[in-house]
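# Structural overview for review
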Number of protein chains: 4
Amino acid sequence: SKFEYVRQFETQDPCLPNTWIVIRLDGRNFHRFSTDHGFTKPNDERALHLMTRAAETVMNDFRDIVISYGQSDEFSFVLKKSTMLYSRRASKLMTHIVSQFSSSYVFHWAQHFPDQPLQYPPGFDGRVILYPSNKNLRDYLSWRQADCHINNLYNTCFWALVQQGGMTNTQAEERIRHTFSADKNEILFSEFGINYNNEPEMYKKGTVLVWKKVEETVTRTCRTAEDPVERPREVTKLRKKVVPLHTDIIGDVFWEEHPDILEEECF
Amino acid sequence: SKFEYVRQFETQDPCLPNTWIVIRLDGRNFHRFSTDHGFTKPNDERALHLMTRAAETVMNDFRDIVISYGQSDEFSFVLKKSTMLYSRRASKLMTHIVSQFSSSYVFHWAQHFPDQPLQYPPGFDGRVILYPSNKNLRDYLSWRQADCHINNLYNTCFWALVQQGGMTNTQAEERIRHTFSADKNEILFSEFGINYNNEPEMYKKGTVLVWKKVEETVTRTCRTAEDPVERPREVTKLRKKVVPLHTDIIGDVFWEEHPDILEEECF
Amino acid sequence: SKFEYVRQFETQDPCLPNTWIVIRLDGRNFHRFSTDHGFTKPNDERALHLMTRAAETVMNDFRDIVISYGQSDEFSFVLKKSTMLYSRRASKLMTHIVSQFSSSYVFHWAQHFPDQPLQYPPGFDGRVILYPSNKNLRDYLSWRQADCHINNLYNTCFWALVQQGGMTNTQAEERIRHTFSADKNEILFSEFGINYNNEPEMYKKGTVLVWKKVEETVTRTCRTAEDPVERPREVTKLRKKVVPLHTDIIGDVFWEEHPDILEEECF
Amino acid sequence: SKFEYVRQFETQDPCLPNTWIVIRLDGRNFHRFSTDHGFTKPNDERALHLMTRAAETVMNDFRDIVISYGQSDEFSFVLKKSTMLYSRRASKLMTHIVSQFSSSYVFHWAQHFPDQPLQYPPGFDGRVILYPSNKNLRDYLSWRQADCHINNLYNTCFWALVQQGGMTNTQAEERIRHTFSADKNEILFSEFGINYNNEPEMYKKGTVLVWKKVEETVTRTCRTAEDPVERPREVTKLRKKVVPLHTDIIGDVFWEEHPDILEEECF
Ligand SMILES: Nc1nc2c(ncn2[C@H]2C[C@H](O)[C@@H](COP(=O)(O)OP(=O)(O)OP(=O)(O)O)O2)c(=O)[nH]1
Ligand SMILES: Nc1nc2c(ncn2[C@H]2C[C@H](O)[C@@H](COP(=O)(O)OP(=O)(O)OP(=O)(O)O)O2)c(=O)[nH]1
Ligand SMILES: Nc1nc2c(ncn2[C@H]2C[C@H](O)[C@@H](COP(=O)(O)OP(=O)(O)OP(=O)(O)O)O2)c(=O)[nH]1
Ligand SMILES: Nc1nc2c(ncn2[C@H]2C[C@H](O)[C@@H](COP(=O)(O)OP(=O)(O)OP(=O)(O)O)O2)c(=O)[nH]1
Ligand SMILES: O=P(O)(O)OP(=O)(O)OP(=O)(O)O
Ligand SMILES: O=P(O)(O)OP(=O)(O)OP(=O)(O)O
Ligand SMILES: O=P(O)(O)OP(=O)(O)OP(=O)(O)O
Ligand SMILES: O=P(O)(O)OP(=O)(O)OP(=O)(O)O
Ligand SMILES: [Mg+2]
Ligand SMILES: [Mg+2]
Ligand SMILES: [Mg+2]
Ligand SMILES: [Mg+2]
Ligand SMILES: [Mg+2]
Ligand SMILES: [Mg+2]
Ligand SMILES: [Mg+2]
Ligand SMILES: [Mg+2]
Ligand SMILES: [Mg+2]
Ligand SMILES: [Mg+2]
Ligand SMILES: [Mg+2]
Ligand SMILES: [Mg+2]
């Protein structure tokens, strides 16, 4: 039609080739959302598992994601450097991932919050960030995990002072405003008998999603070398499956144990 | 932390000022999704109403949207030229809108499909397009509505041949491949007694969402000039409300009747 | 060859259609360049004419430029909204214009500075800016002309105090730091007998380059209706030619007298 | 002023950090320019040296350029991965480099073409390309050098057939259209006694510009440990200087001999 010229106003937005593509999403106004839905403080296990569930759906849908990392109301997805998914168009990548995450979050809500109806549909923003080198990518993931640690130590201490220590929010805030990590550990231990090291790994480290190859037994109708008749048989095949870890990704150990993630060297 | 330098790799992506910002989203693989969920052909009223419901949620959340238009598995949202929402950052705008739409679609599913459980979470892509002039913007909306008309006439004719005429899909496709609009109207009328003009407006024109100012009666505790005592009283106030229309937006009539949409002239 | 894949790393950078494209260039470190080449202060007629000469070359080369404006060490070129020059690729447009300007500046140097050899090749930066509306474009040009006026009034006053008033640079600067336009006019008039209004228009208003249709008499070998023999004849033809003006472009008069510049309404 | 809002329409265009920035420029319509200025065919030594002279000026001005490569009417400049020149703004980088190159080309013309006046100012386009890895960068440079070789062998053969073999352009073109490299070498050798290997390296390999540290003897007024009196003395200092090479940069040898160029590993 004579209106079709308007398509020319659309722009291409391809990501630079041979570069890691990271898509990070973050809950919109989750301060209010967590209050409205009675999230436990500072960490709500149900909420964190639901985030992980939604992220798994995303990975299963977009299989060029090689690793994901989540904490609080955010999740980061790393597409392999050589991905040609949606021709590397930034808009397509970020909207598809944010959309799938958002709809999955609502879809799986009831399973994780059986006693807490969803009051209204939550929103997430998304962005694309490019990292040229493996070091840059690892530093990005380290940045997010360090952020998780810092916030969690702060929040654990803050809510101990409020919930167990009987302080007001303002008092608790003032008490720890100018403290270092060591101080907060000390407060937790001496005043509340909490050894921060024993806190759940999921709270301290966030959630890492990686692919694992698993053997699966399926039934196929086929012949074998020994038996030339077609019949149903149990065969094992390799399938890749998303697994959640709550482990350190700042040090080298994780990367040495999972060499596949970074090794892909296209050019 | 020493990792924070990675933030420098994030880019700004502001939209050109004084320009219409259009965000169009479109269902991911809705060919399969509509089959999997038994959508009636060629139009499923429940599905279209659910799309509209999700779009209304988006408009109520992002009140700088001045008009929206939807058809099939897509919806377009028009932000006013002068909007400063998210500082006009393209990524923020498109991801927030796509995310809110996606989660709302799942959130309201059961209400529109009471007898059809949602099998899996659907996805939508999104994109930002900029239009400098009012004419460009109107041509964009005309393009989408003309597309709705062309597809709907085709599909109505196609499915009449299949469902009522007993043809196979291939036969129906061949029958109408080289026909013009007038021919399809004629087939519908002479072979199936269908007057295309009498088909539902929602199918022929899609759905336009605009703001309407409505008077609302609310109870407020207050004084009046006559009565200096504070007591509950009924007062009326103006509120803007999203209303769906199934009307032509290609011609001038609609725009003359809704002068506010385009008139905003910032500079 | 096996190396050709590197072309995929090049990006498209098309300018939004139906939008004014402005390219502004500005001399690199002309503070030093003007000193090194003994430019008279505050305005060097030779230098300004050379800038204009280089800009004319650019306009004659890129005929979709509808108007240009220059002052000091800068020049702005406005491409018509509908231009398809270099498919509207931003990099191509800005580099070609900056390059042509730079080489022309050196090429014509000797003609404008017969007694002053060029010491080293000067540089210019360039940028592309898009303006959606005519008002935005006029405001852009007004911004540059207002800048010319403000700087010129300041500089005229400053150098009068130094050159005629015997002040040091620091003294002159302090004297006028907190003054308004009216004050500077007053200083010029009462202390130096200079009526700022009588200063050269080129200094006060900068230089506007527009196209003018001119009749040209050329000799062609041809027949006429009256005389069927081929012989050399004088014929007149219309040709467009760049003309420099030193006139106000902030008010409406200029634009009413040159309606062609803005009227082009493609869509 | 009230017009200043128009600055908001300018965009930032920073290059991704930690990425090689390549700027390639190419002569505008040098087919005509070389004819108009009587360039010898297929290679004009004066023209190539002038290109190199202009590129040297650029490198001396922008000292974050670590290597440059030129052939025919083009030159590529490689900025180090960690450069913060002009905050990595793409427009600034490409326009400044193209501008300096263009004005230098004209500035040095007469020295290289003493008998051939410059008819009109030449133009060059420019573009920015980003390469994330060292391999990508080397492949880029290899691509340009391979292009030089292919074109030069073709042109040498073509002009031998025309200039020495007496063929028309069309005949020469037809003769070599479907030949491989080996065939062209053979034609040159058997028909014209030309051993392509003995052709000048500058024609076959193009021109590589790198930095070389040189010792320079300068006179400084200073004291020494032995002699406490200030007096003029000859001292040696290290200075980096641009040197042209006509050498292979596709193989590893060059890179092993110049480890500094790539080794910079910022992060
Ligand atoms: N109680 C509770 N709150 C949580 C949990 N996870 C996240 N939140 C809340 C705490 C923070 O207020 C909020 C995340 O902080 P953000 O910086 O993302 O801010 P917010 O989402 O409010 O605003 P935004 O739209 O992202 O700018 O989510 C949880 O497990 N329990
Ligand atoms: N039966 C039925 N199908 C519908 C209805 N609305 C949309 N659809 C289906 C028909 C089309 O196959 C599909 C929309 O076409 P698209 O061009 O968007 O393709 P699709 O979403 O399959 O792929 P995409 O991921 O957008 O490239 O949605 C409806 O009301 N009833
Ligand atoms: N004496 C004299 N100087 C002039 C004339 N026209 C321009 N200039 C000088 C005065 C300013 O120092 C300089 C223009 O100012 P800019 O803001 O463009 O600064 P500059 O070019 O030094 O630095 P830049 O590389 O543009 O950041 O050029 C003239 O006619 N006479
Ligand atoms: N005779 C002669 N010609 C040369 C020499 N170096 C370059 N040229 C000419 C040959 C080609 O026609 C032209 C370079 O080819 P390009 O592909 O860059 O085309 P051209 O510059 O004409 O057009 P463009 O504006 O770049 O699209 O320059 C030389 O040393 N001698
Ligand atoms: O924590 P982030 O990445 O969301 O950073 P921010 O400070 O919230 O900024 P924005 O979301 O506006 O980019
Ligand atoms: O109909 P659209 O706009 O989705 O156009 P398309 O042909 O599907 O293309 P794409 O979604 O890849 O931009
Ligand atoms: O006067 P301009 O436009 O050159 O503005 P600036 O302050 O010099 O900034 P820049 O040249 O760095 O954009
Ligand atoms: O040889 P190049 O790189 O100039 O490539 P081209 O085919 O001339 O294309 P363009 O200059 O239009 O990018
Ligand atoms: Mg944020
Ligand atoms: Mg948040
Ligand atoms: Mg957050
Ligand atoms: Mg599509
Ligand atoms: Mg679709
Ligand atoms: Mg669709
Ligand atoms: Mg500047
Ligand atoms: Mg300057
Ligand atoms: Mg200036
Ligand atoms: Mg080219
Ligand atoms: Mg060329
Ligand atoms: Mg070339």
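Anyway, here's the lowdown on the structure attached to this text.

Rules of the game
- Residues numbered from 1 in each chain as written.
- Chains lettered and ligands numbered in written order.
- Predicted model: local features only at pLDDT ≥ 70, side-chain atom pairs only at ≥ 80, totals over all residues.
- Heavy atoms only, no water.
- Helix = DSSP H or I, 4+ residues; strand = E, 2+ residues; numbered from the N terminus.
- Buried < 20%, exposed > 50% of the residue type's maximum accessible area, 1.4 Å probe, protein only.
- Contact = heavy atoms within 4.5 Å.
- Areas by Shrake-Rupley, 256 points an atom, 1.4 Å probe, with all protein chains shown as cover.
- Lys, Arg positive; Asp, Glu negative; His and termini not counted.
- Charge placed at Lys NZ, Arg CZ, Asp CG, Glu CD.
- Donors = N, O, S within 2.8 Å, 3.2 Å for Na, K, Ca; no water.
- Least-squares fit on C-alpha atoms with pLDDT ≥ 70 in both.
- Phe/Tyr/Trp six-rings, centres within 6.5 Å; stacked < 30°, edge-to-face > 60°.
- Lys NZ or Arg CZ within 6 Å of the ring centre and 35° of its normal.
- Tetrahedral: all angles 85-135°; square planar, octahedral: opposite > 155°, others 65-115°.
- Expected span 1.5 Å × (residues − 1).
- Near = heavy atom within 4 Å.
- Polar contact = N/O pair within 3.5 Å; in protein donor to acceptor, adjacent residues only side chain to side chain.
- Pairing = 2+ DSSP bridges.
- Axes fitted to C-alpha atoms, helices over the stretch in contact; angles between N-to-C directions.
- Parallel < 35°, antiparallel > 145°, perpendicular 65-115°, else oblique.
- Left-handed = near helix turned anticlockwise from the far one by under 90°.
- Nonpolar A, V, L, I, M, F, W, Y, C, P; charged D, E, K, R; others polar.
- Buried area = accessible area lost by both parts, 1.4 Å probe.
- Salt bridge = Lys/Arg side-chain N within 4 Å of Asp/Glu carboxyl O.

Attention shifts here to the overall build of chain A. A count of helical and extended segments in chain A gives ten helices and six strands. For the C-alpha atoms alone, the extent of chain A along its principal axes is close to 75 × 65 × 45 Å. Within chain A, buried positions represent 51% of all 267 residues. Within chain A, counting contacts between residues at least 6 apart in sequence, those at least 24 apart form 71% of the total. Only carbon and sulfur atoms are counted for the fraction: they give 48% of the accessible area of chain A, which is about 12700 Å². Each charge class in chain A can be summarised by its mean position, and for the 33 positive and 37 negative side chains these summaries are 6 Å apart.

Before going further, it helps to examine the coordination of the magnesium ion (ligand 11). Residue and element names in this part refer to chain A. Coordination of the magnesium ion (ligand 11) by the protein involves Asp26 (OD) and Asp73 (OD), with metal-donor separations of 2.2 to 2.3 Å. Between the two metals, the magnesium ion (ligand 11) and the magnesium ion (ligand 10), the spacing is 3.5 Å, and Asp26 donates to both. You can see Asp26 sitting in strand 1 (residues 20–27) and its partner Asp73 sitting in the loop between strand 2 (65–71) and strand 3 (74–79), a full 47 residues away along the chain. Judged by relative accessible area, Asp26 falls into the partly exposed class, the value being 22%.

When chain A is fitted onto chain B, the two copies agree to an RMSD of 0.1 Å after a turn of 180° and an axial shift of 0.0 Å. Here the two chains are linked by the operation of a two-fold rotation axis.

Quick look at the environment of D:Ala182 now. Note that D:Ala182 resides in helix 7 (residues 181–192). Residue classification places D:Ala182 among the exposed residues on the basis of a relative accessible area of 55%.

For the pair chain C and chain A, the best superposition has an RMSD of 0.2 Å and corresponds to a rotation of 180° with a translation of 0.2 Å parallel to the axis. Interface residue correspondence from chain C to chain A reaches 100%, placing this contact among same-surface, isologous pairings.

Turning to the packing of aromatic side chains, a few remarks are in order. In the structure shown here, the tally under the stated rule is 95 aromatic pairs over all chains. Between D:Phe33 and D:Tyr120, the ring centres sit 5.7 Å apart and the planes meet at 80°, which makes this aromatic pair edge-to-face. Separated by 87 residues along the polypeptide, D:Phe33 in helix 1 (residues 30–36) and D:Tyr120 in the loop between helix 4 (109–112) and strand 4 (124–131) bring together distant segments of the chain. The class for D:Phe33 is buried, based on a relative accessible area of 1%. The class for D:Tyr120 is partly exposed, based on a relative accessible area of 23%. Through pairs of rings, three or more aromatic residues link up here, namely A:Phe30, A:Phe33, A:Phe39, A:Phe75, A:Phe77, A:Phe101, A:Tyr105, A:Trp109, A:Phe113, A:Tyr120 and A:Phe124. Above the plane of the ring of B:Trp143 lies B:Arg144, whose end atom (NZ or CZ) is 4.3 Å from the centre. The side chain of D:Lys240 reaches across the aromatic face of D:Trp211, ending 4.4 Å from its centre.

Another point: the coordination of the magnesium ion (ligand 10). Under ideal tetrahedral coordination, the four donors around a metal are separated by 109.5 degrees; under ideal octahedral coordination, the six donors are separated by 90 or 180 degrees. Residue and element names in this part refer to chain A. The protein atoms that coordinate the magnesium ion (ligand 10) are Asp26 (OD), Gly27 (O) and Asp73 (OD), at distances of 2.1 to 2.2 Å. Its six donor atoms give the magnesium ion (ligand 10) angles of 80 to 178° at the centre, a pattern that matches the octahedral case. Sequence spacing of the donors to the magnesium ion (ligand 10): D-G-x45-D. Separating the magnesium ion (ligand 10) from the magnesium ion (ligand 9) is a gap of 5.9 Å. One end of the pair, Gly27, is in strand 1; the other, Asp73, is in the loop between strand 2 and strand 3, and 46 residues separate them in sequence.

Glancing now at helix 2 (residues 45–61) of chain A. Taking 1.5 Å per residue, 17 residues should reach 24 Å; helix 2 of chain A reaches 25 Å between its end C-alpha atoms and fits that length. Those residues of helix 2 of chain A that fall on the buried side of the exposure criterion are A:Ala47, A:Leu48, A:Leu50, A:Met51, A:Thr52, A:Ala54, A:Ala55, A:Glu56, A:Thr57, A:Val58 and A:Met59.

Near ligand 8 you find C:Arg7, C:Arg89, C:Lys92, D:Arg24 and D:Arg127, and these make up its full shell. Residues lining ligand 8 come from chains C and D. In the environment of ligand 8, an oxygen atom lies 2.9 Å from a nitrogen or oxygen atom belonging to the side chain of C:Arg89. Relative to its unbound accessible area of 340 Å², ligand 8 is 54% covered by the protein chains.

Our next topic: the pairing of strand 1 (residues 20–27) of chain D. Residue and element names in this part refer to chain D. Counting buried residues in strand 1 gives seven out of eight residues, a clear majority hidden from the surface. Sheet topology note: the strand 1/strand 4 ladder contains eight bridges and is antiparallel. Among the inter-strand pairings, Gly27 is bridged to a residue of strand 4, identified as Phe124. Where strand 1 meets strand 3 (residues 74–79), six bridges bridge the pair, whose relative direction is antiparallel. The partner of Val22 across the bridge, within strand 3, is Val78.

Turning our eyes to something else, we now look at the side chain of D:Thr57. Mapping D:Thr57 onto the fold places it in helix 2 (residues 45–61). Those residues in contact with D:Thr57 that sit more than four places away from it in its chain are C:Pro121, D:Ser104 and D:His108.

Quick look at the packing of helix 2 of chain A against helix 3 (residues 90–107) of chain A now. Residue and element names in this part refer to chain A. As a packed pair, helix 2 and helix 3 sit with axes 8 Å apart at the nearest point and diverge in direction by 135°. With respect to helix 3, the axis of helix 2 lies oblique. The handedness of the crossing between helix 2 and helix 3 is right-handed. Listed contacts from helix 3 to Leu50, Met51, Ala54, Ala55, Thr57, Val58 and Asp61 of helix 2 are Ile97, Gln100, Phe101, Ser104 and Tyr105. Class assignment for the residues of the contact of helix 2 with helix 3 results in eight nonpolar, three polar and one charged.

Across the boundary between the two partners, chain A contributes 50 residues, which contact 50 residues of chain B. Regarding the contact of chain A and chain B, the summed buried area is about 4200 Å², with carbon and sulfur atoms giving 61% of it. Looking at the side of chain A facing chain B, the largest losses of area belong to A:Phe3, A:Arg28 and A:Trp143, adding up to 16% of the total buried there. For the pair chain A and chain B, the number of links is eight salt bridges. Between B:Arg127 and A:Glu10 there is a salt bridge; the shortest N-O distance is 3.0 Å. On inspection of chain A and its partner chain B, the count reaches 26 residue pairs in polar contact (both at pLDDT 80 or more). Among the elements that make up the side of chain A that touches chain B, the one with the highest residue count is helix 3 of chain A (13 residues).

Residue and element names in this part refer to chain D. A large share of strand 3 lies buried, amounting to six of its six residues. Side chains Glu74, Ser76 and Val78 of strand 3 all project onto a buried face; the interleaved residues Phe75, Phe77 and Leu79 project onto the opposite face, where all are buried too. Strand direction decides the pairing type here: strand 2 (residues 65–71) and strand 3, joined by six bridges, are antiparallel. Its bridge partner lying in strand 3, Ser68 is registered against Phe77. Linking strand 2 back to strand 3 in an antiparallel pair, the connection comprises two residues, with Ser72 at a positive phi of about 50°.

All right, on to the sheet that holds strand 4 (residues 124–131) of chain B then. Residues and elements named next belong to chain B. Pairing is antiparallel across the open sheet formed by six strands, whose spatial order is 4-1-3-2-5-6. Because the sheet does not close on itself, it has two edges, and the strands there are strand 4 and strand 6 (231–245). Averaged over neighbouring strand pairs, the angle between their axes works out to 20° when direction is ignored. Pairing geometry for strand 2 (residues 65–71) and strand 5 (residues 207–222), over four bridges, is antiparallel. In the sheet register, Tyr69 faces strand 5, and the bridge partner there is Val208. In this fold helix 5 (residues 134–164) packs onto strand 1 (20–27), strand 2, strand 3 (74–79) and strand 4, with an angle of close to 25° to the strand it touches most, strand 2.

Before going further, it helps to spend a moment on the site of ligand 5. Near ligand 5, the surroundings consist of A:Arg24, A:Arg127, B:Arg7, B:Arg89 and B:Lys92. Chains contributing residues near ligand 5 are chains A and B. Between ligand 5 and B:Arg89 there is a distance of 2.9 Å, counted from an oxygen atom to a side-chain nitrogen or oxygen. The separation between an oxygen atom of ligand 5 and a polar side-chain atom of B:Lys92 is 2.6 Å. Taking 340 Å² as the accessible area of ligand 5 by itself, protein coverage stands at 55%.

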